[in-house]
Amino acid sequence: MQREGSPFTGIGPVFMKELSDHLTSIRMMVLTLFVIVFGAFPVASSLQTLRTVVSADAYLYLRIFTIEPQQVPISFISALNFIIPLMAIGLGFDSVNSEFNRRTLSRVLSQPIYRDALLLGKFLGGLMTLAVGLLALWLIVFGAGLLLLGIPPRGVEVARAFGFLVVAVFYGGVWLAIAMLFSVVFRSTATSALCALGLWLFFFILWPMIANALVLGFAPAEITSIDQYVGIQELAIALQRLSPGTLFSEALLGLLNPETRTLGFMLPTQMRGAIPNAPLPLDQSLLLIWPQVTGLIAGMIVVFSAAYVVFQREEVRA
Amino acid sequence: MSENVIEARGLLKTYGEARAVDAIDLDIRRGEIFGLLGPNGAGKTTTILMMLGLTETSGGSVSVLGFDPVRQPLQVKRRVGYLPDAVGFYDHMTARENLIYTARLLDIPRRESNGRIMQALKSVALDDVADKRVATFSRGMRQRLGIAEIVMKKAEIAILDEPTSGLDPHATFELLEMIRGLKKAGVAVLLSSHLLDRVQSVCDRVALFNKGKIALMGTVVELANQVLGAGHPLLVEASGIDVAAALRGIEGVQQVLPAGEGAWRVVADRDVRAVVARNVVTAGGSLSRLSDLQPSLEEVYTHYFEGERHAA
Ligand SMILES: Nc1ncnc2c1ncn2[C@@H]1O[C@H](COP(=O)(O)OP(=O)(O)OP(=O)(O)O)[C@@H](O)[C@H]1O
Ligand SMILES: [Mg+2]
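Residue numbers here run from 1 along each chain, matching the order of that chain's written sequence. Numbering of ligands from 1 and lettering of chains from A proceed in the order in which they are written. Reporting in this predicted model follows two pLDDT cut-offs: at least 70 for local features of residues, and 80 or more for side-chain atom pairs to be given and counted; totals over whole chains, interfaces and linings ignore these cut-offs and use all residues. Think of the side-chain values as coming from all heavy atoms in the structure, minus any hydrogens and water.

**Student:** Is there a simple way to think about the packing of helix α2 (residues 26-52) of chain A against helix α4 (residues 76-92) of chain A in this case?
**Tutor:** Between two packed helices, both the angle of their axes relative to each other and the distance between the axes serve to describe the pair. All names here are of chain A. Look at α2 against α4: their axes get within 9 Å of each other, and the N-to-C directions meet at 175°. Taken as axis vectors, α2 and α4 run roughly antiparallel relative to one another. Contacts from Arg-27, Met-28, Leu-31, Phe-34, Val-35, Phe-38, Gly-39, Pro-42 and Val-43 of α2 reach α4 at Phe-76, Ala-79, Phe-82, Ile-83, Leu-86, Met-87, Gly-90 and Leu-91. Residue classes follow a fixed rule: Ala, Val, Leu, Ile, Met, Phe, Trp, Tyr, Cys and Pro count as nonpolar, while Asp, Glu, Lys and Arg count as charged, and any other residue, Gly among them, counts as polar. A per-class count over the contact of α2 with α4 returns 14 nonpolar, 2 polar and 1 charged. Between N-to-C directions, angles span 0 to 180 degrees; the directions come from axes that are lines fitted to C-alpha atoms, helices contributing only their stretch in contact. The secondary structure listing takes helices from DSSP runs of H or I that are at least 4 residues long and strands from runs of E that are at least 2 residues long, numbered from the N terminus. Note on terminology: angles under 35 degrees are roughly parallel, angles over 145 are roughly antiparallel, angles of 65 to 115 are roughly perpendicular, and the others are oblique. By definition in these notes, contact holds between two residues if any of their heavy atoms fall within 4.5 Å.

In C-alpha cells form, the structure reads like this:
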C-alpha cells in the first residue's frame, strides 16, 4: 500500500531528544565510568611499557591501543571489544518498550511521524551518544600519549586511529541494533536487557567453544591433504566471523597493526615474496579490512530492519 | 451546517476469527461532541485507533477531514489530537518540555511554539506548574496536560479515549468543562467513556457499541424513546393514601413502579403532572415531590443490555 509523506518526517526532534536524554542520564555516567575503569588500566600500563622501549617505532601511538602490557594481560582494544557491546546494550535495551510502559508511545505516534522515523531517530540518537563517548575516550588516549611519550603522533597514525574510531562506532551500532530489536520484541525491559546480555555472553564465552566443537565435528578423523587442512581452518574462521566481536578485532588488527597482510588463514607458501614486517600503506590496509567493515555495517542494517519489521506489526495500545 | 469531519463506512477490524469492530457506519459532524459508549471490549478503542491510522483496518473505509488514515496518516495526525486511554508523559521532563517535544514533532516554528504552549497550559490551569516535572503530577493533571497538547496542536478534531476514567468527581467536572471549551473553540470531539451520566451532560450525540456493532445511535432523548419507549417519566413522592392506586386511575398513565420508600416512578403517554397533583391532594394525601425525569443514559444503557441478555 502506498503511503504519503516523507518517511523521515520527525526524525530530527526524536534524534535530538534521545541524544539529550542519553547525555544527561545517570545511566550514561555509569557507562562512562565503566569504560574509563576498563580502558584506563590497559592504556596506562601500555604507556608505561612504551616509555621504557627505546627502539624507534614508526607507529608508537598505535601501540598504545594494541600492546598487551605485562601488568594487565589485556590490550586496550580487547577491552573495548568487550565493553562497547555493554555500552550499546545499556543505551538500547529499553528504547522502545520503556515508551510503551510509560504509555507515551501511542501519544507520540499520534503526532505526524511514521514508526520507522521514530525507530531510526532513536537508533541514530543512541549511535551518536556512543560516538561522542568513544570520541572522548579516543581524545583522552591521545592526550595521555602526548603527555607521557612526549612526541606528537604522525599523520598516518592519526588517520589509522581515526579509522579505529569509525569501526568502533559501527561495532557499537550492531549491538545497539540488537538491543533495540529486543526492546521491540519484549514488553518487559528486564527481559530485553537479559536477552541482550545473554547474547553478548554467548558470543564472548560460548560461541568460540561451539565453533571449535563444530569444526571438530566436521573434521575427518585423519587429515590427509593440505586442502583438507585449509578447508577446516577456513571453516573455523568463517564460524568465528559470525560473531561481531571477531569482525571488530580483525578490522582493528588490520588498521592498528600496519604489518598485518592478511586476516584469514594463510599457508606459509602464500607468503612468499612478501617482505616480512614491512608495514602496508593505509589504503592497502583499508582494502584488507573492507570485508570486515562491510560485514559490521550489513549486520547493523539487517538487525535494524528486523526491529523495524517487528515494530511495524506491533499494536500500540496497552 | 452539519458537514461531517469523520465518515466511516463498513469499518471492520478482525483479530483472527473475532470481529472487534464489525462493519460500522459512523459520522461525526463538525463542532459536535460525540460519545462512544459500550461495555469493556465492545470495540471503542479499536475504532479510535483505526481512525488515527494507528492500527490497520481489515475492511471498509474511513475518512478523517477528507484524508484516508491508512494512506495519509501524517495528514490526519497533523489535524487530529488524541488523548489515549491512560495517557503517559516523560516523567523526567517538565510539562513545558513535554509540550516542546510535541511542538517539534509537529514542526511548529520555535517563535510561535512558546506562546502556544503557555496559552495551552493556561487553558487547562497548569500554567503555574509548567516547569514542574511531570513525575510529580496527579492523574488529573496528566489528563489535563493531554488536553493542553490538543489545544496547542490547534487540532480540528479531538479524540479522547476514556478521558475521565480514574478521576475524582471534581477532576471529572473540570475535565468535562475543558471538553466543552474545546467544542466552543470549534473542535469536534469524539470521546469514549463508561461514566454514563457524565457523558450525558456533555454529548450532543452518542453511539452505543455492543460486540463490535453500533447498537444505537442518536441524541440521548432519541435513544431513550427508542429503548424506554416514548413517554413522560415522572417521580412522585407522596404519603397518607394508597398512592399507587390513585396514580393508576389517571388517564394516560401506562406504568407505576415503586421507586423507594414512599416514591413511585410513573410513565405516561402525555404530561400528567397537573392531574397527579390534583388527584393526590383531593384524595387527602400529602404530596412531597413531583418531578419530571430526564431520560437518563444510564437507564437506556442498562435497559438495552438487559434486553440483549434476555434475547440471548
Ligand atoms: N491485539 C489484539 N488481539 C486480539 N484481540 C484483540 C486485540 N486487541 C483488542 N482485541 C479485542 O478486540 C475487542 C475490542 O477491544 P477494544 O479495546 O476496542 O474495546 P473497548 O471498547 O475499547 O474496551 P474498553 O472499554 O475495555 O477499553 C476486544 O474483544 C478485545 O479482546
Ligand atoms: Mg478502550
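Still to come is the rest of the account.
**Student:** When you look at the site of ligand 1 in this model, what are you seeing that I'm missing?
**Tutor:** Close to ligand 1 lie 13 residues; Arg-317 of chain A together with Gly-41, Lys-44, Thr-45 and Thr-46 of chain B are nearest. Distances are taken per atom, and a residue is near a molecule or strand as soon as one of its heavy atoms is within 4 Å of it. With respect to ligand 1, its neighbouring residues span chains A and B. The definition of a polar contact used here is a pair of N or O atoms within 3.5 Å, where within protein one atom must be able to donate a hydrogen and the other to accept one, and adjacent residues in sequence count solely through side-chain atom pairs. With respect to ligand 1, the side chain of Asn-40 of chain B contributes an N or O atom lying 2.9 Å from an oxygen atom. Between ligand 1 and Gly-41 of chain B, the relevant distance is 2.8 Å, taken from an oxygen atom to a main-chain nitrogen or oxygen of the residue. Surface exposure here means Shrake-Rupley accessible area, sampled with a 1.4 Å probe, where a residue is shielded only by the protein chains that are shown. With the chains in place, 64% of the 640 Å² that ligand 1 exposes on its own is no longer accessible. Class assignment of the residues belonging to the shell around ligand 1 gives a composition of 3 nonpolar, 6 polar and 4 charged.

**Student:** I would appreciate a short explanation of unusual backbone geometry in the present structure.
**Tutor:** Excluding glycine, residues mostly have negative phi values, and the peptide bonds linking residues are mostly trans. All names here are of chain B. Located in the positive-phi region is Leu-65, a residue other than glycine, with phi close to 55°. Among the secondary structure elements, Leu-65 is positioned in the loop between β4 (59-64) and α2 (73-79). Phi at Ala-125 takes a positive value of approximately 60°, unusual for a residue other than glycine. Tracing the backbone shows Ala-125 in the loop between α4 (110-123) and α5 (139-153). Buried residues are those whose accessible area, probed at 1.4 Å on protein chains only, stays under 20% of the maximum for their type, while exposed residues exceed 50% and partly exposed ones sit between those limits. Given the relative accessible area of 45%, Ala-125 is considered partly exposed.

**Student:** When you look at the nonpolar core in this model, what are you seeing that I'm missing?
**Tutor:** Side chains that are nonpolar tend, in soluble globular proteins, to be buried together. Grouped together as the largest cluster of nonpolar side chains are 121 residues, with contacts concentrated most on Phe-65 and Phe-164 of chain A together with Ile-6, Val-64 and Ile-159 of chain B. For this core, the leading source of residues is helix α8 (residues 155-185) of chain A, giving 17 residues. Once residues within four sequence positions are removed from consideration, Ile-6 of chain B is found in contact with Leu-26, Asp-27, Ile-28, Met-51, Val-62, Ser-63, Val-64, Ile-157 and Leu-190 of chain B. Listed in part, the 54 residues of the second largest apolar core include Leu-106, Met-141, Ala-158 and Ala-224 of chain B. Nonpolar cores were defined as sets of buried Ala, Val, Leu, Ile, Met, Phe, Trp, Tyr and Cys residues, with membership established by side-chain atoms within 4.5 Å.

**Student:** Sorry, what's going on with the domain arrangement of chain B here?
**Tutor:** Interface size is commonly expressed as the accessible surface area that is lost when the partners come together. Where each domain starts and ends follows an automatic or database-derived domain assignment. Domain parsing of chain B yields domain 1 (4-218) and domain 2 (232-294). Here the C-alpha centroids of domain 1 of chain B and domain 2 of chain B sit 43 Å apart.

**Student:** Help me understand the packing of aromatic side chains, please; the structure alone is not making it clear to me.
**Tutor:** The description of two aromatic rings rests on the distance between their centres and on the angle between their planes. Between the rings of Phe, Tyr and Trp (Trp by its six-membered ring), a pair exists once the centres lie within 6.5 Å; its type follows the angle of the planes, with under 30 degrees stacked, over 60 edge-to-face, and the other angles tilted. Summed over all chains, the structure comprises 16 aromatic pairs over all chains. A ring pair is formed by Tyr-61 of chain A and Phe-142 of chain A, whose centres lie 5.5 Å apart and whose planes are at 20°; its orientation type is stacked. Of this pair, Tyr-61 of chain A sits in helix α3 (residues 60-66) while Phe-142 of chain A sits in helix α7 (residues 115-149), and the two are 81 residues apart along the sequence. When its relative accessible area of 11% is taken as the criterion, Phe-142 of chain A is described as buried. A cation sits over an aromatic face here: Lys-17 of chain A above Tyr-101 of chain B, 5.4 Å from the ring centre. Distance and angle both matter: a charge sits over a ring if NZ of Lys or CZ of Arg is within 6 Å of the ring centre and within 35 degrees of the ring normal. Sitting above the plane of the Phe-100 of chain A ring, Arg-187 of chain A keeps its charged end 3.7 Å from the centroid.

**Student:** Help me understand a nonpolar patch on the surface in this model?
**Tutor:** Residues and elements named next belong to chain A. Nonpolar side chains collect at one region of the surface, where Ile-26, Val-30, Leu-33, Phe-34, Val-37, Phe-38, Phe-41 and Phe-82 lie side by side and expose about 770 Å² of accessible area between them. It is α2 that contributes the most residues to the nonpolar patch, 7 residues altogether. Along the chain, the position of Phe-38 falls in helix α2. The residues that make up patches have over 30% relative accessible area and no salt bridge, and they are joined within 9 Å when like-charged or within 5 Å when they are Val, Leu, Ile, Met, Phe, Trp or Tyr. Here a salt bridge means any side-chain nitrogen of Lys or Arg lying within 4 Å of a carboxyl oxygen belonging to Asp or Glu.

**Student:** Help me understand the confidence of the model for chain B in this model?
**Tutor:** In regions of low pLDDT, the predicted coordinates are not meant to be interpreted in detail. For every residue, the predictor states its confidence as a pLDDT score lying anywhere from 0 to 100. Averaged over every residue, the pLDDT of chain B is 88; residues scoring 70 or more account for 98%. Confidence estimates for the predicted assembly give a pTM of 0.88 and an ipTM of 0.87.

**Student:** Quick question: what am I supposed to make of the environment of Asp-22 of chain B here?
**Tutor:** Residues and elements named next belong to chain B. Here Asp-22 lies in strand β2 (residues 18-29). Residue classification places Asp-22 among the buried positions, given a relative accessible area of 13%. In this structure, the C-alpha to C-alpha distance between Asp-22 and Ile-214, residues 192 residues apart in sequence, is 8.5 Å. For Asp-22, the residues in contact, after removing those within four places along its chain, are Leu-11, Leu-12, Gly-212 and Lys-213. Polar contacts involving the side chain of Asp-22 include one to the side chain of Arg-19, which spans 2.7 Å.

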